[in-house]
Amino acid sequence: MPTAKVYSPVSGLVLGEARYPNGQPHTIINDLGGGCCPIDIASAAGTPIYLIGNGRVKSIRTSRRTRCCRNAPDGWWTHGVLVRVYRDEAGTEAGYLGSVGYAHIANPLPDGHYRGNYHLLGHLPPDMCADPVGQRQCRCGTGAWCCSNGVHIHMQAKDNEVIGVTYLDRTDKHTYRGKSTLFKWHY
Ligand SMILES: [Zn+2]
(Lines give C-alpha, C1' and ligand atoms only; values in the text may rest on other atoms or scores of the structure.)
Protein backbone atom coordinates (compact mmCIF):
# COMPACT_ATOMS: atom_id res chain seq x y z
CA MET A 1 0.00 0.00 0.00
CA PRO A 2 1.57 3.28 -1.08
CA THR A 3 2.01 5.97 1.54
CA ALA A 4 2.42 9.67 0.86
CA LYS A 5 4.29 11.54 3.58
CA VAL A 6 4.90 15.11 4.60
CA TYR A 7 8.03 15.67 6.66
CA SER A 8 8.95 18.33 9.18
CA PRO A 9 9.98 21.60 7.49
CA VAL A 10 12.45 22.42 10.29
CA SER A 11 14.70 20.76 12.82
CA GLY A 12 13.52 21.96 16.19
CA LEU A 13 11.90 21.42 19.54
CA VAL A 14 8.21 20.45 19.57
CA LEU A 15 6.37 23.06 21.63
CA GLY A 16 2.96 21.43 21.58
CA GLU A 17 0.86 18.75 19.92
CA ALA A 18 -2.74 17.94 20.90
CA ARG A 19 -2.14 20.07 23.99
CA TYR A 20 0.10 22.99 24.80
CA PRO A 21 2.57 22.48 27.66
CA ASN A 22 0.12 24.28 29.99
CA GLY A 23 -2.51 21.62 29.31
CA GLN A 24 -4.77 23.74 27.12
CA PRO A 25 -5.98 22.08 23.93
CA HIS A 26 -4.00 23.17 20.88
CA THR A 27 -6.01 25.40 18.55
CA ILE A 28 -7.12 23.95 15.22
CA ILE A 29 -7.18 26.87 12.79
CA ASN A 30 -10.44 27.06 10.83
CA ASP A 31 -8.88 29.35 8.25
CA LEU A 32 -6.54 26.47 7.34
CA GLY A 33 -9.49 24.19 6.66
CA GLY A 34 -9.81 22.65 10.12
CA GLY A 35 -8.64 19.08 10.61
CA CYS A 36 -6.53 17.50 13.27
CA CYS A 37 -3.14 16.74 14.62
CA PRO A 38 -1.77 20.23 15.37
CA ILE A 39 1.92 20.63 16.07
CA ASP A 40 4.14 23.62 16.88
CA ILE A 41 7.87 23.38 16.22
CA ALA A 42 10.33 26.05 17.35
CA SER A 43 12.74 27.59 14.89
CA ALA A 44 14.41 30.91 14.15
CA ALA A 45 12.95 34.00 12.50
CA GLY A 46 13.74 33.98 8.79
CA THR A 47 13.94 30.20 8.51
CA PRO A 48 12.65 29.10 5.10
CA ILE A 49 9.63 26.82 5.31
CA TYR A 50 9.41 24.18 2.62
CA LEU A 51 6.72 21.67 1.89
CA ILE A 52 8.79 18.50 1.98
CA GLY A 53 7.05 15.35 0.78
CA ASN A 54 8.20 11.88 -0.16
CA GLY A 55 8.21 10.67 -3.78
CA ARG A 56 4.50 9.81 -3.62
CA VAL A 57 3.68 13.51 -3.44
CA LYS A 58 3.46 14.51 -7.12
CA SER A 59 1.94 17.97 -6.92
CA ILE A 60 0.37 20.51 -4.57
CA ARG A 61 -2.17 23.30 -4.74
CA THR A 62 -1.52 26.21 -2.40
CA SER A 63 -3.73 28.98 -1.11
CA ARG A 64 -2.75 31.86 1.16
CA ARG A 65 -4.63 32.45 4.40
CA THR A 66 -4.73 35.56 6.57
CA ARG A 67 -6.61 34.59 9.75
CA CYS A 68 -4.26 32.14 11.37
CA CYS A 69 -3.74 33.71 14.77
CA ARG A 70 -6.57 35.00 16.93
CA ASN A 71 -5.89 38.20 18.92
CA ALA A 72 -2.55 38.82 17.25
CA PRO A 73 -1.89 42.14 15.53
CA ASP A 74 -2.24 42.05 11.75
CA GLY A 75 0.99 40.84 10.23
CA TRP A 76 2.79 37.74 9.15
CA TRP A 77 1.82 35.92 12.34
CA THR A 78 -1.76 35.84 11.12
CA HIS A 79 -0.74 34.53 7.69
CA GLY A 80 -0.49 30.96 6.55
CA VAL A 81 -0.59 28.62 3.56
CA LEU A 82 -3.04 25.79 3.00
CA VAL A 83 -1.41 23.04 0.92
CA ARG A 84 -3.52 20.42 -0.81
CA VAL A 85 -1.48 17.32 -1.58
CA TYR A 86 -1.95 15.17 -4.68
CA ARG A 87 -0.62 11.81 -5.82
CA ASP A 88 -0.84 12.89 -9.46
CA GLU A 89 1.04 15.59 -11.34
CA ALA A 90 -2.17 17.07 -12.72
CA GLY A 91 -3.65 17.62 -9.28
CA THR A 92 -7.01 16.00 -10.07
CA GLU A 93 -9.81 15.43 -7.55
CA ALA A 94 -9.18 11.69 -7.84
CA GLY A 95 -5.56 12.28 -6.93
CA TYR A 96 -6.27 14.38 -3.84
CA LEU A 97 -4.80 12.91 -0.67
CA GLY A 98 -5.39 15.54 1.99
CA SER A 99 -4.23 18.93 3.11
CA VAL A 100 -1.56 20.35 5.38
CA GLY A 101 -1.91 23.82 6.88
CA TYR A 102 1.15 25.92 7.71
CA ALA A 103 0.65 28.98 9.95
CA HIS A 104 2.91 31.94 10.70
CA ILE A 105 4.34 32.32 7.21
CA ALA A 106 5.97 35.54 6.00
CA ASN A 107 5.99 36.27 2.27
CA PRO A 108 3.90 33.24 1.30
CA LEU A 109 4.18 31.93 -2.25
CA PRO A 110 1.49 32.87 -4.78
CA ASP A 111 -1.58 30.64 -4.91
CA GLY A 112 -1.09 27.99 -7.54
CA HIS A 113 -0.56 24.42 -8.65
CA TYR A 114 3.02 23.23 -8.34
CA ARG A 115 4.55 19.95 -9.45
CA GLY A 116 6.94 17.95 -7.33
CA ASN A 117 7.37 17.33 -3.63
CA TYR A 118 9.64 20.19 -2.51
CA HIS A 119 8.46 23.78 -2.52
CA LEU A 120 9.39 26.97 -0.69
CA LEU A 121 6.21 28.22 1.01
CA GLY A 122 7.66 31.26 2.78
CA HIS A 123 9.70 32.14 5.86
CA LEU A 124 9.16 32.33 9.61
CA PRO A 125 8.37 35.88 10.80
CA PRO A 126 10.14 37.78 13.58
CA ASP A 127 9.07 37.05 17.17
CA MET A 128 5.66 38.62 17.69
CA CYS A 129 6.43 39.20 21.37
CA ALA A 130 9.54 41.22 20.48
CA ASP A 131 7.17 43.81 18.98
CA PRO A 132 5.54 46.28 21.44
CA VAL A 133 2.09 45.99 19.84
CA GLY A 134 2.28 42.22 19.81
CA GLN A 135 3.51 42.20 23.38
CA ARG A 136 0.57 44.24 24.60
CA GLN A 137 -2.11 42.65 22.46
CA CYS A 138 -0.95 39.11 23.16
CA ARG A 139 -0.09 39.57 26.83
CA CYS A 140 3.24 37.93 26.14
CA GLY A 141 4.63 35.97 29.04
CA THR A 142 1.26 35.40 30.70
CA GLY A 143 0.23 32.25 28.84
CA ALA A 144 -1.22 31.14 25.53
CA TRP A 145 -3.26 34.28 24.85
CA CYS A 146 -2.03 34.44 21.27
CA CYS A 147 -0.35 31.77 19.22
CA SER A 148 3.17 32.77 20.24
CA ASN A 149 5.52 30.85 22.40
CA GLY A 150 8.51 32.20 20.55
CA VAL A 151 9.09 31.82 16.82
CA HIS A 152 7.61 28.56 15.56
CA ILE A 153 5.78 26.92 12.69
CA HIS A 154 2.25 25.66 13.35
CA MET A 155 0.99 22.76 11.24
CA GLN A 156 -2.19 20.71 11.08
CA ALA A 157 -3.69 18.28 8.58
CA LYS A 158 -6.95 16.88 7.32
CA ASP A 159 -8.74 14.40 5.05
CA ASN A 160 -8.41 10.76 4.29
CA GLU A 161 -6.27 8.85 6.68
CA VAL A 162 -4.20 11.37 8.55
CA ILE A 163 -1.77 9.86 10.98
CA GLY A 164 -0.09 12.08 13.51
CA VAL A 165 3.48 12.85 14.33
CA THR A 166 6.24 10.28 14.33
CA TYR A 167 9.63 11.06 15.75
CA LEU A 168 12.99 9.68 14.95
CA ASP A 169 13.61 10.02 18.66
CA ARG A 170 10.50 10.68 20.72
CA THR A 171 12.40 11.15 23.97
CA ASP A 172 14.08 14.39 22.93
CA LYS A 173 10.90 15.90 21.44
CA HIS A 174 12.77 17.19 18.41
CA THR A 175 11.81 16.86 14.79
CA TYR A 176 14.36 16.67 12.00
CA ARG A 177 13.97 18.61 8.78
CA GLY A 178 13.01 16.35 5.89
CA LYS A 179 13.26 13.24 8.09
CA SER A 180 10.54 13.27 10.76
CA THR A 181 7.17 12.30 9.29
CA LEU A 182 4.47 14.64 10.52
CA PHE A 183 1.55 13.50 8.38
CA LYS A 184 0.93 10.61 6.04
CA TRP A 185 -1.81 9.17 3.92
CA HIS A 186 -2.18 5.55 2.79
CA TYR A 187 -3.95 5.04 -0.49
ZN1 LIG B 1 0.03 25.93 16.98
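The structure under discussion appears in the preceding block.
Residues numbered from 1 in each chain as written. Predicted model: local features only at pLDDT ≥ 70, side-chain atom pairs only at ≥ 80, totals over all residues.

Moving on: the overall build of the protein chain. If you tally the helices and strands in the protein chain, you get one helix and 12 strands. Element order for the protein chain, N to C, with α for helix and β for strand: β-β-β-β-β-β-β-β-β-α-β-β-β. Relative to the 2.2 N^0.38 estimate, which gives 16 Å for 187 residues, the radius of gyration of the protein chain is 16 Å and therefore close to what a compact globule would have. With the principal axes as the frame, the protein chain shows a C-alpha extent of 50 × 35 × 25 Å. Expressed as a percentage of the 187 residues in the protein chain, the buried residues total 40%. The contacts in the protein chain between residues at least 6 apart in sequence include a share of 72% that link residues at least 24 apart. (Helix = DSSP H or I, 4+ residues; strand = E, 2+ residues; numbered from the N terminus. Rg over C-alpha atoms; globule rule 2.2 N^0.38 Å. Buried ≥ 20, exposed ≤ 12 C-beta atoms within 10 Å, placed from the backbone. Contact = placed C-beta atoms within 7 Å.)

The subject of this paragraph is the sheet that holds strand 2 (residues 12–16). Taken in spatial order, the eight strands of this open sheet run 8-5-6-7-10-3-2-11, and their pairing is antiparallel. On the outer flanks of this sheet lie strand 8 (112–115) and strand 11 (174–175), each paired with one strand and no other. Across seven bridges, the pairing between strand 5 (residues 59–65) and strand 6 (residues 80–86) is antiparallel. Bridging across to strand 6, Arg 61 finds its partner in Arg 84. (Pairing = 2+ DSSP bridges.)

Moving on to the nonpolar core. Judged by nonpolar contacts, the single largest core of 41 residues is most densely connected at Val 83, Val 85, Val 100 and Tyr 102. Mapped onto this core, the elements with two or more residues apiece are strand 1 (3–7), strand 3 (36–42), strand 4 (48–52), strand 6, strand 7 (96–103), strand 10 (152–158) and strand 12 (181–186). At five residues, the largest contribution of residues to this core is made by strand 6. Residue contacts for Tyr 102: discarding those within four places in its chain leaves Ile 49, Gly 80, Val 81, Val 83, Leu 121, Ile 153 and Met 155. (Core = buried A, V, L, I, M, F, W, Y, C linked by C-beta atoms within 7 Å.)

One ladder, built from two bridges, connects strand 2 with strand 11; its direction is antiparallel. Residue pairing in the sheet places Gly 12 in a bridge with Thr 175 of strand 11.

Mapped onto the elements, Lys 173 comes out in the loop between strand 10 and strand 11. Each C-alpha atom, one on Lys 173 and one on Tyr 50, is 21 Å from the other, the two residues being 123 residues apart in sequence. Setting aside its immediate chain neighbours within four residues, Lys 173 contacts Leu 13 and Val 14.

Structurally, the position occupied by Lys 184 is in strand 12. Separated by 130 residues in sequence, Lys 184 and Asn 54 have C-alpha atoms that sit 9.6 Å apart.

Attention now goes to the environment of Ile 60. Mapped onto the fold, Ile 60 is located in strand 5. Counting along the chain gives 59 residues from Ile 60 to Met 1, while the straight-line C-alpha distance between them is 21 Å.

A word on unusual backbone geometry. In this model, Cys 37 sits at a positive phi of 55°, which is unusual for a non-glycine residue. In this structure, Cys 37 sits in strand 3. Here Cys 37 falls in the partly exposed class, since 19 other C-beta atoms lie within 10 Å of it.

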